[in-house]
Amino acid sequence: MAEEVKGIDDLILKVRSYNSSADTEFLSRAYWFSSEAHQRQKRKEGTPYIEHPIAVASILADLKMDTVTIAAGILHDTIEDTDVTVDDISKRFGYDTAFLVKSLTKLSRMEFKSKEMAQAENFRKMLLSMAEDIRVILIKFADRLHNMRTLEFLPEAKRQRIATETLDIYAPISNRLGIGWLKTELEDLSFKYLMPQLYAELAVKVEKKREEHEGYIKEVAAIVAAYIKKEGISGTVTGRVKHYYGIYQKMLRQKVPFEQIYDVLGIRIITDTKANCYAILGLIHSLWAPVTGKFKDYIGVPKFNQYQSLHTTIIGPRGERVEFQIRTEDMDSVAEGGIASHWRYKEQGGVKERDERYITWLRDLVSAQTEMTDSRDFLDALKAEVVPHEVYVFTPNGDVKELPYGSTPVDFAYSIHTQVGHRCVGAKINGRMVPLGQKLQSGDTVEITTSPTHTPSRDWLKFVATQRAKTRVKQWLKTEERKQSLELGIKLFEAELRRHHLSPSLVKSEEMTGLAKGYNLQDKDDLLASIGFGMISARQAVNRLMPEHAEEPGKEPEKKPRGKVKEPGISIKGIDGVLYHTAKCCFPVPGDSLIGFITKGRGVAVHRRNCRSLGNLAVDNARVVDVEWASEGGSVSHAKLLVDTMDKPGMLANLSALISAMDINISHMEAATTADKKARIVFTLEVKDRAQLAAVMQKMAQMDGVLSIKR
């Protein structure tokens, strides 16, 4: 990129070079305002602080940004580092400039438990702002680039932290937004400070190879240029050297030393039309043999960041490998500048239609990250989302869909439409039915089967790869969980009202809104949902609603006949129609002593009272409810038995025969042998009650070869 400017006059000249009608008086006012605000400050290297904002503005001018963005670059540190306020900037430079500067201001006035949490919250704020206005991230990139260029003046520990953050987050995001030159420079600068010795050695080797091969590259470029001219095709041919970090990554991937990396040097050809790109490719392949597997058509199938180019590696004169990149001028502009290369605002402040792909990605990313409260999870998810590994798959109509590596048919379904994802029940890949968790490969044709009655499954979160799919599934589950928790909360609250001889209609009273406000909740539905989630005790809520009915310490409330669930097997005392499920950690059966525990969004989980999974749960815990076996018979419950036996022929068959003879169904069975000639068999049985289970366990224990049995 161009050199940094030294003052406002140089900056104005640079801006006028691409925008002759720019409001340069606006930029001058921003410069003098920032100079005055920072006049007593100096950088770590001892230079006046104003040199940093001017350098940031110069980088933005290299990106050919509008005057508001450049002015915001000049002013970007004033709110954070001086007494200047957002209102000051808004009055002098307008709302847009103030918004950009405010969005860039770190959350320095807030207290965080750790540096990691502060970093996560700063990124979260930046992502939210840039989803609304992409210029925020472009200014942040410029700020980070200049800081990286002057990183040598900071202490070693701080250099390492900033370089790591740049390599992990800033460089990948700049790549995702298609700003190629910025991604390259950020990676090389990070590499320089994270692995200085390796960087220095590689720089020397690359420069030496450049000197050795400079004449060769010129020779090959001249041959291609002559043939292009002879064919009457417009085009310029230039040589280039790959950046250091890219070479280092290739050494790691191929597990070879630098000396075995053959395409360090390459040739780029810029032409006028897409058709001529392919014509030049054919010309090159007619001159020299292409290397198998080294041809990539990013014009027909662009990269995720809209990068387009033809890549091919050939065996050139004297057996040397040479990589070619062939693209149009417009493709080259996008490849180097990404979204910045064609960022323009409409009168309403919107974006061009072809930029919507960037904005959609940002909004999906923000939507997913705002749901995360854990700082480490947030940063890990952000890093995972910007890693540039992708697959290209086709719809049945032949449209190309680009998805992250590891995506599944469910990710594909959500990339089409949210409702297609929600209703997805099956998938075909290349005409063959596959599981929904099947990983997609580039070139696959994917067809989704939907059903109007189907809904998302929590299990999908175990395999979906895209933030869009994760966000949509979580949103649906959250809505359903709230609905179920609201229903359960109403039932629990009404039951508590009945215990106090109060009318259940109080649940609909206006007093409920005031009660909700007392818990810092929005409305009574939030309160009832919180009770259903187990976050608030129904007993406590009723006592606060009607203090005159609050229970005296140690006094038992007057009891009233309690209703029972009319469902087979289990009765939850005092509450009608509550959603419940038996816990799979302990498999309670009729006859076991039970305890109910309100779970988040899944109603009441019914456990055996001695279940280890409950830990030290107190008996009077607000989330515990009374549970008993219903009197109705005829139902069966699942019980799991762990049987250790000697590993000998017929053991499994004999046990199965015994179980069947007792009229007990085996719903599931797993068996495995150990090195010491023993076997472990897990039976899941359908039993009527605890007595039947005890009987079958007793008979199994008497069999020859059975070592132990336990539930």
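What you see is a predicted model, and the numbers here were worked out from it, not measured in a lab.

Colleague: Before we go on, may I ask you to explain the packing of aromatic side chains in this structure?
Modeller: Pairs of aromatic rings are described using the distance from one ring centre to the other and the angle between the two planes. Within the structure shown, the criterion is met by 13 aromatic pairs. Ring geometry for Tyr245 versus Tyr248: centroids 6.1 Å apart, planes at 45°, classification tilted. Linking Tyr245 with Tyr248, this pair stays in helix α13 (residues 244–254), spanning 3 residues, or about one helical turn. The class of Tyr245 is buried, set by a relative accessible area of 12%. Among the aromatic residues, ring-to-ring pairing joins Phe191, Tyr199, Tyr244, Tyr245 and Tyr248 into one connected group.

Colleague: Quick question: what am I supposed to make of the sheet that holds strand β21 (residues 706–710) here?
Modeller: Paired through backbone hydrogen bonds, the strands of a sheet run either parallel or antiparallel to each other. In spatial order, the strands read β19-β20-β18-β21; together these 4 strands make up an open sheet with antiparallel pairing. Edge positions in the open sheet fall to β19 (665–673) and β21, since each of these has one partner strand only. Recorded for the sheet is a direction-independent mean angle of 20° between the axes of neighbouring strands. Across 4 bridges, strand β18 (residues 637–646) lies against β21 in antiparallel orientation. Looking across to β21, one finds that Thr645 is bridged to Val706. Helix α24 (residues 651–661) rests against β18, β19, β20 (678–687) and β21 of the sheet, and its axis sits at about 20° to β20.

Colleague: Sorry, what's going on with the nonpolar core here?
Modeller: Here is a general trend for soluble globular proteins: nonpolar side chains tend to be buried in one another's company. If you look at the biggest cluster of nonpolar residues, it comprises 57 residues, and the most contacted ones within it are Leu11, Leu60, Ile70, Ile89 and Phe141. With 8 residues, the single largest contributor to this core is helix α9 (residues 135–149). Setting aside residues up to four positions removed in sequence, Ile70 forms contacts with Leu11, Val15, Tyr18, Leu27, Ala57, Leu60, Ala61 and Met65. Counting residues in each nonpolar core, the second largest holds 39 residues, with Val264, Cys277, Ile284 and Ile314 among its members.

Colleague: Explain the sheet that holds strand β9 (residues 424–429) here, please?
Modeller: In spatial order, the strands read β10-β9-β11; together these 3 strands make up an open sheet with antiparallel pairing. In this open sheet, the two edge strands, each paired with only one partner strand, are β10 (432–434) and β11 (446–450). Within the sheet, the average angular offset between the axes of one strand and its neighbour, ignoring direction, is 35°. Summarising the sheet, β9 and β11 pair through 5 bridges and their orientation is antiparallel. Of the residues in β11, the one forming a bridge with Ala427 is Ile448. Where helix α18 (residues 409–416) meets the sheet, it contacts β9, β10 and β11, and its direction lies at approximately 80° from that of β11.

Colleague: Is there a simple way to explain the pairing of strand β6 (residues 321–328) in this structure?
Modeller: The side chains of a regular strand alternate between both faces of the sheet. Where burial is concerned, most of β6 is hidden: 7 out of the 8 residues are buried. Looking at chain direction, strand β2 (residues 265–271) and β6 are connected through 6 bridges and run parallel. Note on β6: the bridge partner recorded for Thr271 is Thr328. In this sheet, β6 lies alongside strand β5 (residues 310–315) in antiparallel orientation, the contact comprising 6 bridges. Residue pairing for β6: Thr312 is matched across the bridge by Phe324.

Reading guide: rules and limits
- Residues numbered from 1 in each chain as written.
- Predicted model: local features only at pLDDT ≥ 70, side-chain atom pairs only at ≥ 80, totals over all residues.
- Heavy atoms only, no water.
- Phe/Tyr/Trp six-rings, centres within 6.5 Å; stacked < 30°, edge-to-face > 60°.
- Helix = DSSP H or I, 4+ residues; strand = E, 2+ residues; numbered from the N terminus.
- Buried < 20%, exposed > 50% of the residue type's maximum accessible area, 1.4 Å probe, protein only.
- Pairing = 2+ DSSP bridges.
- Axes fitted to C-alpha atoms, helices over the stretch in contact; angles between N-to-C directions.
- Contact = heavy atoms within 4.5 Å.
- Core = buried A, V, L, I, M, F, W, Y, C linked by side-chain atoms within 4.5 Å.

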